[in-house]
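# Observations on chain architecture
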Amino acid sequence: MDKRVGIYIHIPFCASKCAYCNFYSLANGDRWMADFQSAILRHIKEYSPQLDGYLIDTVYFGGGTPSYYGTGRLISIFNALKKHGHVLLNAEVTAEVNPGSITKDDLIRLRRAGFNRLSIGVQSASDTTLKKLDRQHTFQDAEDTVTNARLAGFTNISIDIIYGLPSQDKDNWAETITRVAALKPEHISCYGLKIEEGTPLYILKDSPFIPDDDKQADMYLFAVEMLSRFGYRQYEISNFARRGYESKHNLKYWLGHEYIGFGPAAHSYIGQCRYSFVDDLEKYIECVASDQQTIVEYSEEMSDFEKAGEYLMLRLRTVHGISEKEYYDIYKLKMDLVLDLLRKYEDSGWAVFKDGRWRFTPKGFLLSNTLIGDLLEAQTQQRTQVSKPWQSQTSAEDSQITLFEKRTVSSGLFGGKYNH
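Below is a summary of the structure that appears in this document. If you're wondering where the values come from, they're calculated on a predicted model, not measured in any experiment. (Residues numbered from 1 in each chain as written. Predicted model: local features only at pLDDT ≥ 70, side-chain atom pairs only at ≥ 80, totals over all residues. Heavy atoms only, no water.)

## Digging into the overall build of the chain
Heads up, the condition is: For helices the rule is a DSSP run of H or I covering at least 4 residues; for strands it is a run of E covering at least 2, with both sets numbered from the N terminus onward. Restricting the calculation to C-alpha atoms gives the radius of gyration, and the globule rule supplies 2.2 Å times the number of residues raised to the power 0.38. Relative accessible area decides the class of each residue, using a 1.4 Å probe on protein chains only: under 20% of the type maximum gives buried, over 50% gives exposed, and in between gives partly exposed. Working rule for contacts: check all heavy atoms of both residues, and any pair within 4.5 Å makes them a contact.
On a plain count of helices and strands, the chain comes out with 16 helices and 16 strands. What you see for the chain is a C-alpha radius of gyration of 22 Å, in line with the 22 Å of a compact globule of 420 residues. Residues classed as buried in the chain amount to 54% of the 420 residues present. For the chain, long-range pairs separated by at least 24 residues make up 70% of all intrachain contacts whose partners lie at least 6 apart in sequence.

## Describing the pattern of salt bridges
Where side chains of opposite charge bring their charged atoms close, a pairing between them can arise. Operational definition: Any carboxyl oxygen of Asp or Glu that lies within 4 Å of a side-chain nitrogen of Lys or Arg is treated as forming a salt bridge with it.
Enumeration over the complete set of coordinates arrives at 15 salt bridges. Measuring nitrogen to oxygen at the nearest pair gives 2.3 Å for the salt bridge that ties Glu236 to Arg317. Taken as a pair, Glu236 in strand 9 (residues 233-236) and Arg317 in the loop between helix 11 (304-315) and helix 12 (324-331) lie far apart in primary sequence, 81 residues in all. Each member of the pair Glu236 and Arg317 is classed as buried. Residues joined in a network through salt bridges with shared partners are Arg4, Asp57 and Lys252.

## A short note on unusual backbone geometry
Residue Gly64 is bonded to the preceding Gly63 through a cis peptide linkage, with omega at 20°. By the element assignment, Gly64 lies in the loop between strand 4 (54-63) and helix 2 (66-69). Backbone geometry places Asp206, a non-glycine residue, at a positive phi of 65°. Mapped onto the fold, Asp206 is located in the loop between strand 8 (187-192) and helix 8 (213-229). Taking relative accessible area as the criterion, Asp206 reaches 72% and is therefore assigned exposed.

## Here we look at the packing of helix 7 (residues 170-181) against helix 8
Test applied: Only C-alpha atoms enter the line fits that serve as axes; for helices the fit covers just the stretch in contact. Angles between N-to-C directions range over 0 to 180 degrees. Here is the rule for angles: anything less than 35 degrees is roughly parallel, anything more than 145 is roughly antiparallel, 65 through 115 is roughly perpendicular, and the remaining ranges are oblique. Helix crossings get a hand from a simple test, with the near helix turned counterclockwise from the far one by less than a right angle marking a left-handed crossing and a clockwise turn marking a right-handed one. Side-chain classes follow a simple rule in which Ala, Val, Leu, Ile, Met, Phe, Trp, Tyr, Cys and Pro form the nonpolar group, Asp, Glu, Lys and Arg form the charged group, and the remainder, Gly included, forms the polar group.
It is at 11 Å that the axes of helix 7 and helix 8 come closest, and there the two elements cross at 30°. It follows that helix 7 is roughly parallel to helix 8 by the angle criterion. Helix-helix and strand crossings are classified by hand; for helix 7 and helix 8 the assignment is right-handed. Taken together, the residues of helix 8 that come into contact with helix 7 (itself represented by Lys170, Trp173, Ala174, Ile177 and Thr178) are Met219, Phe222, Ala223, Met226 and Leu227. Grouping the amino acids of the contact of helix 7 with helix 8 by side-chain chemistry returns eight nonpolar, one polar and one charged.

## Comments concerning helix 4 (residues 104-113)
To be explicit about the condition: Directions from the helix axis toward the C-beta atoms define the arc.
Along helix 4, the positions that sit buried rather than exposed are Leu107, Leu110 and Ala113. Along helix 4, the residues classed as buried sweep out an arc of 125° about the axis, all on the same side. In this structure, helix 4 carries Asp105 and Arg112 as exposed residues pointing more than 90 degrees from its buried face. Of the surrounding elements, those touching the buried residues of helix 4 are helix 3 (71-84), strand 6 (117-123) and helix 6 (139-152). The first or second residue beyond helix 4 is Gly114, which carries a positive phi of 115°.

## Digging into empty space enclosed by the protein
Over the atoms a probe the size of a water molecule is rolled, and this reveals where empty space is left. Note the threshold: Definitions used for this entry: grid spacing 1 Å over protein atoms alone; cavity, a set of points where a 1.4 Å probe fits but cannot get out; pocket, an open set with protein on both sides within 12 Å along at least 5 of 7 lines; lining residue, one with an atom within 4 Å of a point. Grid points are joined across faces, edges and corners, and a volume is the space filled by probe spheres set on the points.
Scanning the model with the defined rule gives two cavities of 30 Å³ or more in all. Of the voids in this model, the second largest cavity is the one considered here, and its volume is about 30 Å³. Taken together, Ser124, Ser126, Thr129, Gln168, Asn172, Glu175 and Thr176 make up the full set of residues lining the second largest cavity. For the lining of the second largest cavity, the leading source of residues is helix 7, giving three residues. Among the residues forming the lining of the second largest cavity, the class breakdown is no nonpolar, six polar and one charged.

## Here we look at the environment of Ala152
Looking at the secondary structure, you find Ala152 in helix 6. Take Ala152: its relative accessible area is 13%, and that puts it in the buried class. For the pair Ala152 and Asp106, spaced 46 residues apart in sequence, the C-alpha to C-alpha distance is 8.9 Å.

## Side note on the nonpolar core
Condition: In this description, a nonpolar core means a group of buried Ala, Val, Leu, Ile, Met, Phe, Trp, Tyr and Cys residues linked to one another through side-chain atoms lying within 4.5 Å.
Residues Ile9 and Phe115 are the most contacted members of the largest nonpolar core, which totals 113 residues. Residue contributions to this core peak at seven residues, all from helix 1 (residues 33-51). Not counting chain neighbours up to four residues away, the residues in contact with Ile9 comprise Ile40, Ile44, Tyr60, Phe61, Gly62, Ile77, Leu81 and Phe262. Within the second largest apolar cluster, 11 residues are counted, among which are Tyr20, Cys21, Ile195 and Leu201.

Keep in mind these numbers describe shape, not what the thing actually does.
Structure (structure tokens):
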């Protein structure tokens, strides 16, 4: 048994919804917690036969706000995974927490239970800005949470921060970076604000209170430079870490490795298949309890060519980038037209070629939606050219692939925090 898999647990509960959040979560959903706990424990148990062939090397509790859900419940879910799956002793086990939503005693309990990584949603060092975002904490709460986590024995802490916030300027952003770096976390994630329809912040979309694209670009490039000076190496579009502290779980998404999700709206990727569960808590609970209803809302069997497209799209999120040899060895496809585009990107300062691999520069990351969309079109064009000797016209499969590319690139995957 040497196949590795990551486990994602989606906890869909929050004390309140942040003004920018469009992830699936419920505020004040306490009445559903007991039923959800029973459902997810049953779901893990029923899924255990499919876990037999895998070693679990990462576990990630996301949300929502897992720390709001309760330490005891999180530990029970983790214990169920250990009972019904093969969780490695050195597995990376992460819990997302919000400042002020977890005590020192609870952090000690998590650490003793085997949790070894925290992802703390700080977002800003400005208490005024935090109030505008409907965050339920202050920056002092964040400082206290980090201190308590260290006392509890956590040696791997990540902090999330956001740029492009209402009325934020470069000086505000610099203060947030400086004060967060002073907490000495091992990992920092910097996400650009993405205003989604249906969120309270949508009323400010395109208003002068929101930094425009040029200002957000300046903030992003400033963060890359500043975090480098503080000793944080960029390894993905939005993620920076001290050497050896890159998120092993999130790298599974970007490197095309397998993962399994549990909970409403959770996504999975196993073998040739991607699937997701219903994004409805009540329906999730009902489906788990019923043998007559399917819990899967969406599934797709991926062709080798689609997987090749994801290789380009996901790996170019990382500084590791892509390799012509690696691409051919895996997919037996040429990438001449893709390489032609990458050379043009290099001339523009958007990409670099080093040690046999292509990767984007920070300026290239800023344009990654557009650049990768063009690369995927070039990939499809090359495949069509190769097919022409024995095909009189573009096949239906090619049309489906083009739709896949457009759907995936326009889904917001490159715009902000990866949506589980």
